[in-house]
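Topology and contacts: notes
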Amino acid sequence: TEEKLAEVFALVLRREQVSIHDDFFALGGHSLLATQLVSRVRATFQRELPLRALFEAPTVATLAQHINAVQTTTASAPKKLIAVRAPTAPLSFAQQRLWLLDQLQPGDASYNLPAALQLTGHLNVEALRRAFEALVQRHEALRTTFHEHLGQPTQIIHAPGGWTLPVIDLSALPHAQREEEARGFANQEAQRPFDLKTGPLLRSTLVRLSEEEHLLLVTMHHVVSDGWSMGVLVRELAAFYAAFSTGSTPALPSLPVQYADFATWQREWLRGEALDAEIGYWKEKLTGAPAALELPTDHPRPPAQSHRGATVDVQIPANVSDALTALAKQEGSTPFMTLLAAFQVLLARYSAQDDISVGSPIAGRTQEETEGLIGFFVNTLVLRAHLKPHATFRELLAQVRGTTLAAYEHQHLPFEKLVEALQPTRDLSRGPLFQAMFSLQNTPAEALRVPGLSFQPLPLEVHFAKFDLTLALRESPAGLVGVFEYATDLFEASTIQRMAGHLGVLLEAIATKPDTRLADLPLLTDAERQRLLVEWNP
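Anyway, here's the lowdown on the structure attached to this text. All of these numbers come straight from a predicted model, not from anything done at the bench. (Residues numbered from 1 in each chain as written. Predicted model: local features only at pLDDT ≥ 70, side-chain atom pairs only at ≥ 80, totals over all residues. Heavy atoms only, no water.)

A few words on the packing of helix 6 (residues 125–138) against helix 8 (residues 227–245). Pairs of packed helices are described in terms of their axes, by the angle between the two and the distance that separates them. Remark: helix 6 packs on helix 8, axes separated minimally by 8 Å, with the N-to-C direction vectors making an angle of 125 degrees. Here helix 6 lies oblique to helix 8, going by the angle between them. For the pair helix 6 and helix 8, the sense of crossing is right-handed. Taking contact as the criterion, the partners of A127, L128, R130, A131, F132, A134, L135 and R138 in helix 6 are, on helix 8, L233, E236, L237, F240, Y241, F244 and S245. Residues belonging to the contact of helix 6 with helix 8 are distributed by class as follows: 11 nonpolar, 1 polar and 3 charged. (Axes fitted to C-alpha atoms, helices over the stretch in contact; angles between N-to-C directions. Helix = DSSP H or I, 4+ residues; strand = E, 2+ residues; numbered from the N terminus. Parallel < 35°, antiparallel > 145°, perpendicular 65-115°, else oblique. Left-handed = near helix turned anticlockwise from the far one by under 90°. Contact = heavy atoms within 4.5 Å. Nonpolar A, V, L, I, M, F, W, Y, C, P; charged D, E, K, R; others polar.)

So, about the pattern of salt bridges. Within the structure shown, the criterion is met by 22 salt bridges. For the salt bridge of R42 with E48, the shortest nitrogen-to-oxygen distance reads 2.9 Å. Looking at E48, the relative accessible area reads 22%, which means it is partly exposed. A single network of salt bridges, built from pairs that share partners, joins R40, E368 and E371. (Salt bridge = Lys/Arg side-chain N within 4 Å of Asp/Glu carboxyl O. Buried < 20%, exposed > 50% of the residue type's maximum accessible area, 1.4 Å probe, protein only.)

Take helix 5 (residues 93–104) next. Taking 1.5 Å per residue as the helical rise, helix 5 with its 12 residues ought to reach 16 Å, and the 17 Å between its terminal C-alpha atoms agrees with that figure. On its buried face, helix 5 is in contact with strand 3 (144–149), strand 4 (152–157), strand 7 (213–221), helix 9 (259–269) and helix 14 (415–422). (Expected span 1.5 Å × (residues − 1).)

Let us now look at the packing of aromatic side chains. Following the criterion strictly, the structure yields 17 aromatic pairs and no others. Here Y241 and F455 contribute two aromatic rings whose centre-to-centre distance is 6.4 Å and whose plane-to-plane angle is 70 degrees, an arrangement assigned as edge-to-face. Of the two residues, Y241 is situated in helix 8 and F455 in strand 13 (residues 453–458); the sequence distance between them amounts to 214 residues. The interplanar angle of 65 degrees and the centroid separation of 5.6 Å between the aromatic rings of F415 and F434 together place this pair among those described as edge-to-face. Of the two residues, F415 is situated in helix 14 and F434 in the loop between helix 14 and strand 11 (436–441); the sequence distance between them amounts to 19 residues. Each member of the pair, F415 as well as F434, carries the same accessibility label: buried. Taken together through their ring pairs, the aromatic side chains of Y259, F262, W265, W269 and F377 make up a single cluster. When the ring centre of F194 is taken as origin, the NZ or CZ atom of R203, which lies over that ring, is 4.0 Å away. The ring of Y111 has K466 sitting right over it, with the charged end atom 4.9 Å from the ring centre. (Phe/Tyr/Trp six-rings, centres within 6.5 Å; stacked < 30°, edge-to-face > 60°. Lys NZ or Arg CZ within 6 Å of the ring centre and 35° of its normal.)

Structure below.
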């Protein structure tokens, strides 16, 4: 067992080899990779391991003992995903929610997933066009449209066809104007709505800035894609382009299943006992939670969410983020859990509430076969914390760790089903079950190079906010970087900038003194403290 398991560790962590006493998390493992490890263990040993087992036994030697002690796969485990191959399929639960939202608000672009890639070097436009064509042929999700049949939505998979790549040539314009026009196009393209009935639900536009500089705009609708899918798309696009531009044959391994197979599998597996068990867990967890997070707002809340939004940058220096990572390791938790706990402290202080639920995205690709697909797999978990003012941060972290691990084990219940089961009072002015979201991106966004060309992702301006407040962070060499995305109907930029300052102070205090009681953790920046002392005490 140890030998086989060491190979699985090495594969998931992308290491040459792993010794039996190496710690999974010390080698750069995190909960997303842990999920991949569990699905490999399922495939290799026919054993169903809870994610918690890896946190309790993070080395090959200790986990192997655990695997040997576990019976072979139990009935509660999801059955294997197989290829069904039909031209129509049901919608997955998550797709059905987006389809319904689209019926209610046709032309709403807040579920567009736009990306802009800067292409530097000599570009072969025909090879790029063919790369898109090959990508659409490979992934059924990209040639799917959505229709209503006897009152039920269904997805229709179309035969692969040709692909046109519109080119906008701005190379004749002066430099400054060129940049401005390109940015305008990118924003316009990102906000152009899709029609789910007619498709296609992927668009690509090439903007030519000069001989050696192009901007590639790619937009997908969330109903056929998610953040992980965007990584798959860019990687495979680069692989196809490299092959076509050099006249060789693309060498991508064939896909074992397609998204429609996942939708069918999810519908078949998540019903009866399996569904009841998941719902039972979440009902117990979330019963009695406050209906709303009462953050003080700058403007009265409109009767219905408009999803208009903006962002404020957040930067946490490397010395603080390193200390937080060390604290996480010490407590057998992850940076995600540590940052989530800190965000919940911040929200508790702002709202003067001690029971805080935060939404968080989870990749939802628990079956190995789904890892290479483009499609809508991401699910939302609701993570609830009870903050006692006398508890220390370290104690809160232990609670958040337990809650998060248990949530991972019950991640199969789609958020849509959870809302249906809990039936919160319908309120168009805020999202159900939580109004603040937290995400930590630890999927590396590498710059891709193909012969003579580099692909570099460019940040786009955000004009939408799905929730009142979202904190989205990612790990970088300079520390933690990211944004607060906020609803502009509710908040002014200055309020969120102040909040970002408070988050920085809070994280620094947690990093240096994790045994501080929650009520004693500071929020005020030096400048604010100075102002309070001087200006308010004449």
